[in-house]
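Residues per chain are reported as follows:
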Amino acid sequence: MAEKPIELSPELLERLRKEFGLEWRAEMRRNPPVKERMKTPRQHMPQRGASERSRDFGEVNLGLSAETAIVEARRCLDCAKPGCVSGCPVSIDIPSFIKLVEKGEFIAAAFKIKETNALPAICGRVCPQESQCETVCNLKKAAGIPVAIGNLERFVADYERTAGEVALPALPPSTGRKVAIIGAGPAGLTAAGELAKKGHAVTVFEALHEPGGVLIYGIPEFRLPKAILKAEVEYLKRLGVNIRYNFVVGKTATFDDLKTAGYEAFFIGTGAGLPNFMKIPGENLVGVYSANEYLTRVNLMRAYDFPNYDTPVFRAKNAAVIGGGNVAMDGVRTARRLGAERAMIIYRRSRHEMPAREEEVGHAEEEGIEFHFLTVPIRYDGDEYGRLKSMTCLRMELGEPDASGRRRPVPVPGSEFTAPIDLAVVAIGQSPNPLLLETMSGLKVGKWGTIEVDPATMATSLPGVYAGGDITRGGATVILAMGDARAAAASIDAFLNSR
Amino acid sequence: MARIIAQRRLVPNLHLIEVEAPETARAAKPGQFIILMSDEKGERVPLSIADWDADRGTVTSVFLVLGTATRKLSLLKPGDEIPVYVGPLGRPSEIGCFGTVVLAAGCYGLGALWPTARALFRAGNRIITLLDVKASYLLYWDDRYRAVSDRLIVASRDPGVGGGEYIPAKLEALLETEKVDRVISVGCTSLMRSVAEATRPAGIKTIVSLNPIMVDGTGMCGACRCTAEGKTKFACVDGPDFDGHTIDWDELFLRRKSYFDDEIRALCRWEKENLP
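These numbers were taken from a predicted model, which means no experiment stands behind them.

Trainee: Which residues make up the overall build of chain A, and what are the values?
Mentor: Counting its regular elements, chain A contains 19 helices and 16 strands. Its C-alpha radius of gyration of 23 Å places chain A within 12% of the 23 Å reference for a compact globule of 499 residues. Projecting the C-alpha coordinates of chain A onto the three principal axes gives extents of approximately 75 × 60 × 50 Å. Sequence-distant contacts in chain A: of pairs separated by 6 or more residues, those separated by 24 or more amount to 70%.

In structure tokens:
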């Protein structure tokens, strides 16, 4: 699903125009000419073979080389009216950074991205570029295949990280104004980075013992290595961001306690950390996990390395993952890597409606994942020890479109069947985690448990309190959370300056 | 990192751990728990809060030495640091003036129930305490309970102490002579279950503090889900206290044993590598 193009602010348009008009850019546009650029095929990102990678947790994609990155950058036509920027939730000046890559100035390119995005190595890996910047790339309109913007972003960030110490932007003098960020996920880390760059004294409060939120507990090593996340967080720390781990705001200290401690402004980025279940019989059997639990055990707690690490996780022979999103793909590919002979996706709609990224679905198929579309579990059964042994499902067919515009799956009468499984992972979505919200009186919460915000400023109903990411959206993407956080950080900065 | 202030054996297999955690000590309430990790490779282990000192900024728990994680914990010394100590988590126990309250504790529950006992005493309740121990030498903190209890009854398998009766028998006998307004039980799952079964016929409100496996402890993963009051609940955020008469105890037992084989394997390996 393509996101709606984002309206660009006059300041941003002005900046893009200025960069576009630079002499070296004009020069580069002439040589090589457009025709030649358009003839260049999209450069392939090398990846590890499916049979090798599906047995370990090493990263699947290997990244572009400097040579292929330059060739890919040459495909960018450096349009006067670039579509790509309006497809990016954090408004990265995409043509400028790509042209710097073409010039071979990779570090400068990294700096260009970091003007608006503090976590490029992460976005280059987990953003759905095909439905954002790349879908509105003018080259896609002209020649069918867009510039590999995501792969270039990843290349630039990786190049900068491996080239030595990442340089810091010039920081303004400290304002001494205390800002509390609640949650060290993509939204919280982004807000923290933006506000630190404005000179504010930023503390991030994180409930878990490592930073990243869903980036650490949810997204597996094979898609986002922990070392990458660690390096991005190091960068934020060098910007002056302070992170308090093992601190649950609402429990360890209340919102009011933090106010008393001198925090003037707040950003809530506590995410959608409340797993949904289907409420069908047998869902509490041993062997049925929420995707959050399954992935947290394996990723955050390193259960794949049990008993070297203390946290265990079931290693199944026949694994079924319920759902069709990216989390479901992460779950099923994890089960495969932990040795499942059959690792299956059970999805109630058809392939066409699956919300997972095409790249993830493709990788899963290569790794031998079975896809069972138009299928929904209605019951789990266990053995005498309460351990999951089978799943009973119904076949579905697609009926009339529902509110989401997708055709609604309806059960086929008499289609019930039972399959032996010893692991089920329920990946049907998350709801906002209510733990903090319950303790904040006066905070306006919508009917799905999301915090209500002004979409332009991300301001909540409480003065000085802003929110963004899944706690306001209910379950979206890393990059949308980061976009929200950027907007909120700008509002927080304005709020502090107005006081 | 959190610094260990004290770690010592109270009685065989039951240890006390006191940790420096100023914010947690300030915020702690009866019935809540903390989660800790004994080292970087450890499991996240939930432990009930058994006491705290807001002035010194320390929090105390009592734990049963059982698997690898608690075995590692039992070897920590004052001054050692552990990478994870987070809390207080869970909803606090309901404190009020209920009248006559029976506290039924066993195992680590003698520690875990102490803050509730103290708070209920201060709230003006008449307290009858039933402490269940396998043998008389496993009794601890009975002096604390004696100070707040109108009656203190010890049940033990040791014929010399309490006549060798189990807690349900003691409780049933007690209910024949006393008008009890509420029963609160903390300890191993079978103890809490037997207490809840003993009070079910008379319909006396019985609160139990569930102890399922947890991971994050903030409602994010659902590992601790249990059936209470006819619904699936997350013990970490909806509990840990629930009405003991509404618990699906069989399910709780099975879920607690989810990783039994893995736990034995891990402990054997750890002992081989770490014990002389």
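Anyway, onward from the coordinates.
Trainee: So what's going on with the domain arrangement of chain B? Residues and values would help.
Mentor: Residues and elements named next belong to chain B. You can read the domains of chain B as domain 1 (2-89), domain 2 (100-209) and domain 3 (211-248). With centres defined by C-alpha atoms, the gap from domain 2 to domain 3 works out at 23 Å. Each partner contributes to the interface: domain 2 provides 10 residues, whereas domain 3 provides 8 residues. Elements that contribute at least two residues to the side of domain 2 that touches domain 3 include exactly helix H7 (189-199) and strand E13 (206-209).

Trainee: Please provide a residue-by-residue account of the environment of A:Pro172, values included.
Mentor: Residues and elements named next belong to chain A. If you trace the backbone, Pro-172 turns up in the loop between helix H10 (149-162) and strand E1 (178-182). Of the residues examined, Pro-172 has 9 C-beta atoms within 10 Å and is grouped as exposed. Separated by 172 residues in the primary sequence, Pro-172 and Met-344 have C-alpha atoms spaced 52 Å apart. For Pro-172, the residues in contact, after removing those within four places along its chain, are Lys-198 and Gly-199.

Trainee: Provide a residue-level description of the nonpolar core, including the pertinent values.
Mentor: All names here are of chain A. Counting 233 residues, the largest nonpolar core has Phe-267, Ala-319, Val-321, Ala-424 and Val-425 as the members making the most contacts within it. In terms of residues, this core owes the most to one element, helix H19 (residues 478-498), which gives 11 residues. If near-sequence neighbours (up to four positions away) are discounted, Ala-424 is found in contact with Gly-287, Val-288, Ala-320, Ile-322, Tyr-380, Leu-388 and Met-391.

Trainee: Give me the sheet that holds strand E16 (residues 465-467) of chain A: which residues, what numbers.
Mentor: Residue and element names in this part refer to chain A. With parallel pairing, the 5 strands of this open sheet are ordered in space as E3-E2-E1-E4-E16. Each of the sheet's edge strands pairs with one partner strand only, and the pair in question is strand E3 (242-244) and E16. Strand-to-strand twist across the sheet, computed as the mean angle between neighbouring axes with direction ignored, equals 20°. Pairing of strand E2 (residues 201-205) with E3, which is carried by 3 bridges, proceeds in the parallel orientation. Following the sheet pairing, Phe-205 is matched in E3 by Arg-244. Against the sheet, H19 contacts E1, strand E4 (265-268) and E16, and its axis sits at roughly 170° relative to E4.

The rules behind the values
- Residues numbered from 1 in each chain as written.
- Chains lettered and ligands numbered in written order.
- Predicted model: local features only at pLDDT ≥ 70, side-chain atom pairs only at ≥ 80, totals over all residues.
- Helix = DSSP H or I, 4+ residues; strand = E, 2+ residues; numbered from the N terminus.
- Rg over C-alpha atoms; globule rule 2.2 N^0.38 Å.
- Contact = placed C-beta atoms within 7 Å.
- Domains from an automatic or database assignment.
- Buried ≥ 20, exposed ≤ 12 C-beta atoms within 10 Å, placed from the backbone.
- Core = buried A, V, L, I, M, F, W, Y, C linked by C-beta atoms within 7 Å.
- Pairing = 2+ DSSP bridges.
- Axes fitted to C-alpha atoms, helices over the stretch in contact; angles between N-to-C directions.

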